Amino acid sequence: MPTSTPDALRDVSVIIVGAGFSGLGLGIQLRRRGETSFVILERADDVGGSWRDNTYPGVACDVPSPLYSYSFRTNPDWSRMFSPGQEIWDYLRAAAREEGLGPHLRFGAEMLEARWNENDHRWTVRTPQGEFYGDVLVAATGHLTDIKLPEVPGLETFTGELFHSARWNHDFPLAGKRIGVVGTGASAIQIVPQLAEIADQLVVFQRSAPYIQPRRDRVFSEAEKNLFRRDQRTVEEMREMLFWYNDSRFAARRLIDDYLAEASWQALSHLDKQVSDPELRAKLTPDYTIGCKRILLSDDYYPAIQRPNVHLEAAALERVEGSTAFSAAGEAFELDVLVVATGFETYDLPSSYRIFGRGGNALADHWSNGMQAYKSIATAGFPNLFLLNGPGTSLGHNSVIYMIEAQIDHLLAALDWRSAHDGRVLEVSSEIENAFAKRLDEGAAETVIIRGGCSSWYLDPRNGRATLSWPDFAHRFRDECAPFDPAAYDHGEQSAARA
Amino acid sequence: MSTASTVPATAGDVKENHGSLHIGDLEVNFFDSVDEHSGLPPIVLVHGTGGSTRSHFGFLFPMLAAKQRVVAVDLATPQGPPDEGQIRMAEQVQAVIEKVLPDRPVTLAGYSLGAVVAATAAGTRPDLVGGLILMAGWLKTDAQQKLRNDVWRALRQSDVEALRRYQAFCAFSAPLLAMLSDGEIEALVSSFRTDDVMAAQMEINRHVDLTDVAPKIACPTLIVAGTDDLMTPFRQSKRLFGAIADARYTEVTSGHAMVVERPAELVHLIAAFNANPNQYPAGAILPARRP
C-alpha cells in the first residue's frame, strides 16, 4: 500500500469520487454552504468527466446547452443551442475554478478500492495518492465513462490504427485514409459527418438503424448573449421552456398514441426529406418503436451517408483479419483505421467492483441481479454511501443535469440531518430498496424502453430490467427523490470522530 | 384544439371507459380511466371553451391516469339564458361525480371555462369536492374580456378566416407563436372551431360571475394562472386567489393554452396537489420552479 503523504484532506467528512458534472455539482454546493471538509478524488488529470474524455471531431451534447448546465450556474455565453463538447468542458473547468474547488480536488487519485470499516463506521478509499478517510462516500463515478469495446473476433489483431471514440487519437492523421466507424449511436452520428469530409473511404457498420430527428441547432447572436448577460431571467426562461417541453416528450416514451406518432413522424419525415433513394432509406429505417433506444438529433448525418466516399454497411462488424474488416453480411473492407463508437459500460459498472460495504460485500455482488438503489441514491449494506447519476437516473427525453441536481438536494439534506444527529450512520434496508426498485420496474414495463422491441444500453441483459432508466417524467424524479426522509433510513451507529 | 368528438381521450396503456348520462335533454359524455393505482383521490377534469376531453386533455388525461384514477367530462352546451350556463354545466359535472365516484372525495380540476364550471360545482356542492384546481379561470367577466368577446362575435359574422387567426393569436403566448414556422402557424389556425356550439359557449363566457359562489368553496384550492394569458389574464386568477378562502396560487409561463404549452408542468402541479393539497398553506404563492 502506498504511504500517505501529508494532506489536509486525507481525513474528511465527505469523499466524492469523480469530478464530472455530478461530483463538481456537489462540490460547488458544499463550498457555497461553507463546508470545507470534503475531497474530490479524480482518476484523470483534470475535471470534466465525459466532456474531458470525449474529444472526437464533432463532439457536442444532444441536450440544449441552456438546459445542459447547472440551474445554479447558468451560462450566458453558450455559442449555440447545442454547444460543442469543448465549451461544455470549459464551462465545467471554469465552474470548478471560480467556485473554489481547486483545493479540494485530487488528480491521479483513482478509487482503487473503497471499504466500509465496521469498527469506526467510516469509509476508506485507497488511491495511487494514498488512502483517504471519510464519514460519507459519494460515488459520482457516472455511467458513460468506462469505454466498451465490441466483442469482435480478431479486433485486437487489426493491423491499422484502432481507437474508441472516447479515447480519440488526435496524433494519427486521418485525411485520405480508409476508415471504418463501428456503431451508429450518439457519438457515431456526430463523428461520421466529420470523417466523411476527410476520409478517402468511410464505412459505417450499422447493427441497428437509429431514429434521427432534426437538430434545430442555431447560433446565439451577440445581441442574444448580451441580453442573457444583462438579464439572467432571460436565460432561465429559455431553460424553463426547454425543460418543460422536453419533459412533455415523456408522453411518447409512455406510448401515448398521439405523441408516439408525432415523435415517429418527426424522425421519419426527416429521413424522407433527406434521403431519396428508397433502398438506402430502407436501410436507414429503424425496426423498433421510437424512443426504445436514444433518439438522435442530426441534420448532417444522412447527407454524409450519401456522399460518394461513404458506404453504409447495414450489418454489424463481425470479425477482423489483419487489415480486413468483415461485416455480418459477409462483406469485406480493407481499412487503415477503425473507430469504435460502441459506447460505454452501463449496467455492470466497473466502479461497483471496487466498493465494499458491510461484511466486505462488493457492490457488484449486491447488484448481481441488476443495479438498484432507494431513490436512486442509497443501497442496502452500504452505509453512508450515496450514488450520483447511478441506477434509475437515465432519461431519453430530458437533461440528466436536472436529475443530478435533485440527487444533490437529497444528499445535502442527508448531510444536514447527520450534522443535527451526532453524525449517525444512514443506511437503507433491503426491503425499502427492493420496494423502490419494484416500483421502477413496474413503471418501466409501461414504457417504450421495455416495450419498444429493441435492446438498448438502458437494459441489463442479465435480467432484462431497465436498471439505468428513470421510467417517468424528469420532474417526477425531483418530486419523489429530492426530498430526504430520515424515516426511510436506519440510523443506529455513529461515525467515529475524525483523527 | 379541434373537435368536440367523443373519440376516446387516450391510447397507450390507459384503458378508459366511456360512459354517458342524461340531464334533461342534454347528453353528457365522460371518460373514466378506472384503474385506481393508489390511494390517491381520483381527479375529475373539466375542459374549456370549444374543447373536449380529447382536445384539451390528450396529454393530462393519460399521464395523470398513470398514477391515479382520472374521470373527464365532455360538457354539453345548454340552451337557455347564457347567465345560467355556468350552473347548468356545473350540474353536469356534479352528476358525473355522483354517478361514477359516489361518496368519496375527488379532486376537481377545471381549465378555462371548465375552471368556472368546476368552481361553481365545488361552491354549490361542497360535499362532492375534496380539492379544487382552477387553471386559467376567472372570477367575473370584465370589460377587457367583453371587448375580446365583441371582436370574436364580430369576426364570426364578417370573416371566419380572420376569426381563426384571431383565436390563435389570443390563445397562445407571444413567445410560443414567435417560435413557430409559417406552416405550424397555419396548422394551429386551422384547428380552431367557430361553430354554433363554440358561439354559445362564448355567450356563456360573457356572463360568468363567481362572486357569490367563490366564498362558498370550502376545500383546498390551487389556482394556476398563465403569465401571458390574453383571454383570462393572470389578474383574473389572482381575483380567484383573493375570493377563495383555502386557495394557493401559482403561475406557469404560458398563454391561455397552457394545456398545450406547458402540459408537463400542469401534470406536476396537479399530481403534487392531489398527493398533498396542504403542502402549501392557504394564502401561499407557490415557490418559483427553477428546473
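Cut-offs applied
Residues numbered from 1 in each chain as written. Chains lettered and ligands numbered in written order. Predicted model: local features only at pLDDT ≥ 70, side-chain atom pairs only at ≥ 80, totals over all residues. Heavy atoms only, no water. Disulfide = S-S within 2.5 Å. Helix = DSSP H or I, 4+ residues; strand = E, 2+ residues; numbered from the N terminus. Buried < 20%, exposed > 50% of the residue type's maximum accessible area, 1.4 Å probe, protein only. Pairing = 2+ DSSP bridges. Polar contact = N/O pair within 3.5 Å; in protein donor to acceptor, adjacent residues only side chain to side chain. Contact = heavy atoms within 4.5 Å. Buried area = accessible area lost by both parts, 1.4 Å probe. Salt bridge = Lys/Arg side-chain N within 4 Å of Asp/Glu carboxyl O. Nonpolar A, V, L, I, M, F, W, Y, C, P; charged D, E, K, R; others polar. Axes fitted to C-alpha atoms, helices over the stretch in contact; angles between N-to-C directions. Domains from an automatic or database assignment.

Draft legend 1. Representation of the state of the cysteines. Residues and elements named next belong to chain A. On inspection of all chains with the given rule, the structure shows 1 disulfide over all chains. The disulfide that involves Cys-292 links it to Cys-454, with 2.1 Å between the sulfurs. Residues Cys-292 and Cys-454 share a disulfide whose torsion about the S-S bond is about -95°; that sign makes it left-handed. Of this pair, Cys-292 sits in the loop between helix 9 (278-283) and strand 11 (296-297) while Cys-454 sits in the loop between helix 14 (448-451) and helix 15 (474-481); the two residues are 162 residues apart in sequence, bridging distant segments of the chain. Of the two residues, Cys-292 and Cys-454, both sit in the buried class.

Draft legend 2. Focus on the pairing of strand 3 (residues 43-46) of chain B. Residue and element names in this part refer to chain B. Of the two faces of strand 3, the one carrying Ile-43 and Leu-45 and the one carrying Val-44 and Val-46 are both buried. Bridge count for strand 3 against strand 4 (residues 70-74) is 4 bridges, and the pairing is parallel. Looking at strand 4, one finds that Val-44 is bridged to Val-71. As paired elements, strand 3 and strand 5 (residues 106-111) share 4 bridges and run parallel to each other. By the bridge assignment for strand 5, Val-46 is matched with Gly-110.

Draft legend 3. Structural context of the side chain of Thr-77 of chain B. Residue and element names in this part refer to chain B. Assignment of secondary structure puts Thr-77 in the loop between strand 4 and helix 3 (85-100). Owing to a relative accessible area of 13%, Thr-77 belongs among the buried residues under this scheme. In this structure the side chain of Thr-77 is engaged in a polar contact, spanning 2.9 Å, whose partner is the side chain of Gln-201. With residues near it in sequence (within four places) discarded, Thr-77 still touches Leu-26, Met-89, Val-197, Ala-200, Gln-201 and Ile-204.

Draft legend 4. How the structure looks around the interface of chain A and chain B. Listed by partner, the interface residues are 26 residues for chain A and 22 residues for chain B. Together chain A and chain B conceal approximately 2,200 Å² of surface at their shared face, both sides included; 62% is due to carbon and sulfur atoms. We note a salt bridge from Arg-290 of chain B to Glu-240 of chain A, for which the minimum N-O separation is 3.3 Å. Connecting chain A to chain B are 6 residue pairs in polar contact (both at pLDDT 80 or more). Sorting the residues of the side of chain A that touches chain B by element identifies helix 6 (232-248), helix 7 (250-253), helix 8 (257-274) and helix 15 of chain A as the ones contributing at least two each. Looking at the side of chain A that touches chain B, the element that brings in the most residues is helix 6 of chain A, giving 9 residues. For the side of chain A that touches chain B, the residue count by class is 10 nonpolar, 3 polar and 13 charged.

Draft legend 5. Highlighting the sheet that holds strand 7 (residues 161-164) of chain A. All names here are of chain A. Taken together, 5 strands build an open sheet; the order of strands is 7-16-8-9-12 and the sheet is parallel. Two strands bound the open sheet, and with one partner strand each, they are strand 7 and strand 12 (310-313). If you compare each strand with its neighbour and ignore which way they point, the axes differ by 15° on average. In this structure, strand 9 (residues 201-205) lies alongside strand 12, joined through 4 bridges in parallel fashion.

Draft legend 6. Spotlight on the domain arrangement of chain A. Residues and elements named next belong to chain A. What the domain assignment reports for chain A is domain 1 (11-47 + 101-146 + 345-490) and domain 2 (155-210 + 249-340). On a C-alpha basis, the centroid separation for the pair domain 1 and domain 2 is 33 Å. Opposite the 18 residues of domain 1 that make contact, domain 2 presents 13 residues. Of the roughly 1,400 Å² buried between domain 1 and domain 2 on both sides combined, carbon and sulfur atoms contribute 57%. Among the residues of domain 1 in contact with domain 2, His-397, Glu-446 and Val-448 are the three that bury the most area, contributing 36% of the side total.

Draft legend 7. Structural detail: the pattern of salt bridges. Residue and element names in this part refer to chain A. Counting across every chain of the model gives 57 salt bridges over all chains. In this structure, Glu-118 engages Arg-358 in a salt bridge whose closest nitrogen and oxygen atoms are separated by 3.3 Å. Taken together, the positions of Glu-118 in the loop between strand 4 (113-117) and strand 5 (122-127) and Arg-358 in the loop between strand 17 (355-356) and helix 11 (363-366) put the pair 240 residues apart, joining distant regions of the chain. Residue class for Arg-358 comes out partly exposed when judged on its relative accessible area of 22%. If you follow the salt bridges from partner to partner, you end up with Arg-32, Arg-73, Glu-98 and Glu-99 in one network.

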